[in-house]
Every structure is written in C-alpha cells, then in structure tokens.
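Inside the fold
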Amino acid sequence: NIALVFMGYGPLTGMIKSKSVNTNIFHYPAVPPHVLLDYTSSADIGLCLIEDTCLSYKYCLPNKMFEYMMAGLPVVGLNLVEIAKVIENCGIGVTMSKNTTEELNRAISEINAMPQHTLSKNLLKASEKYCWEVQEIELQALYSELCAL
C-alpha cells in the first residue's frame, strides 16, 4: 500500500520508467524549483538513501533532507554521520543501518508507529531552525568571526 514517486532525470531514469508499469511506482519529469515544494509536500515520507561510498557522502547533508523538513515530511535516511545526527537530534524520522528492502520496511513501520503529533511538532521546530533566514545569520556570524582573525 505504498507508492514510490521519482522525479527528475538521471542515469536511472530508464530503469525507473520500466518499473513504472507497476501500479505503485511513478516517474515524473523535473519541475521548476518554485513549485518543487508543492510536489514534495504531497508525499508521506522523504527518503535520503545516499550510500557511504566516499568521505564526502559519509558526512553529507543533502538539500533533499531540508526540503523534506520544510514540507513537513518525516525522513528515512541511511545512518551516515550528519544525516543521522539531524534525524535523531531533531526527532524527525528514522535511520537505516543498511540500504535493504527489510530495513526500509522497518523504518517506514517505525515512522508509522510514531505519535504523529510529536513528529509534526519536531518537523516544524527543525524547519524553523534549519531555514535559510536563521542559517544566514549563523553563516554571516561565522564569516565575521573568520575575518576578525
């Protein structure tokens, strides 16, 4: 009873489209950034399944994760250093120890079992903390501090 929606383009587009014959797998073309959040917010869960294949990925914080927060979506992410830190510290979703169907099913079940009111409250709080308006101030303060050295 889960639908999987892919948007955009890339090297896996052909494979995804071939699976779209299933009634629960969909592929849509990319949309302009100013309407992306409208599409994202219609989902139930956001996935950040970047694998630990290099140091950059191990410590990454993908834009998608913040997009999901802004859309009020709980996040399922692989247990990478910074992704796990944000998900767990903010209480906005579940991490997976490995990228398998079993782990994904467990994570989705765990999110569905969470008190939705608490999850929504945590997502709102995280979106207020990680929005550009707040992060811009922190970034400017850091730049000022560095310039003073």
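Scroll up to find the structure.
This structure is a prediction, so every number in the text was calculated from the model and none was measured.

This brings us to the pattern of salt bridges. A full pass over the atoms with the stated rule returns 4 salt bridges. A salt bridge links Arg106 to Glu110, with the nearest nitrogen and oxygen atoms 2.6 Å apart. Pair noted here: Arg106 and Glu110 are both in helix α6 (residues 101-113), with a separation of 4 residues, about one helical turn. Overall, the relative accessible area of 30% leaves Arg106 in the partly exposed class. Beyond isolated ion pairs, a larger network of salt bridges with shared partners links Glu103, Arg106 and Glu110.

Further remarks concern the nonpolar core. Of all hydrophobic cores here, the largest spans 24 residues; its most connected members are Met65, Met69, Val75, Ile83, Val86, Ile87 and Ile92. The residues touching Ile87, leaving out its near neighbours within four places in the chain, are Met65, Val75, Gly77, Ile92, Gly93, Val94 and Thr95.

Turning to helix α4 (residues 63-70), its buried residues are Met65, Phe66, Glu67, Tyr68 and Met69. If you follow the buried residues of α4, they end up packed against α2 (33-40), β3 (46-48), β4 (75-78), α5 (81-90) and α7 (116-129). Among the residues trailing α4, Gly72 stands out with phi positive, at a value near 75°.

Going through the model one piece at a time under the given rule, you end up with 2 aromatic pairs. Each ring, one from Phe26 and one from Tyr28, has its centre 6.4 Å from the other, and the planes form 5°; the classification is stacked. You can call Phe26 partly exposed: its relative accessible area is 31%. Taking 5.5 Å as the distance between ring centres and 55° as the angle between the ring planes, the aromatic pair formed by Phe66 and Tyr130 counts as tilted. Here the residue Phe66 occupies a position in helix α4, and Tyr130 occupies one in the loop between α7 and α8 (132-147), the gap between them amounting to 64 residues.

Conventions used here
- Each residue is numbered by its place in its chain's sequence as written, counting from 1.
- Owing to the predicted nature of the model, reporting of local features is limited to residues with pLDDT of at least 70; listing and counting of side-chain atom pairs is limited to 80 or more, with chain, interface and lining totals taken over all residues.
- The side-chain figures draw on all heavy atoms in the structure; neither hydrogens nor water molecules are used.
- By definition here, a salt bridge exists when the distance from a side-chain nitrogen of Lys or Arg to a carboxyl oxygen of Asp or Glu is within 4 Å.
- What counts as a helix is a DSSP run of H or I of at least four residues, what counts as a strand is a run of E of at least two, and both are numbered from the N terminus.
- Only protein chains enter the calculation, and the probe is 1.4 Å; a residue is then buried if its accessible area is under 20% of its type maximum, exposed if over 50%, and partly exposed in between.
- Nonpolar core, defined: a set of buried Ala, Val, Leu, Ile, Met, Phe, Trp, Tyr and Cys residues in which side-chain atoms within 4.5 Å join the residues together.
- The contact criterion used throughout is that any non-hydrogen atoms of two residues lie within 4.5 Å.
- Pairs were defined over the aromatic rings of Phe, Tyr and Trp, the Trp ring being its six-membered one, requiring ring centres within 6.5 Å. Orientation was assigned from the angle between planes: stacked under 30 degrees, edge-to-face over 60, tilted for the rest.

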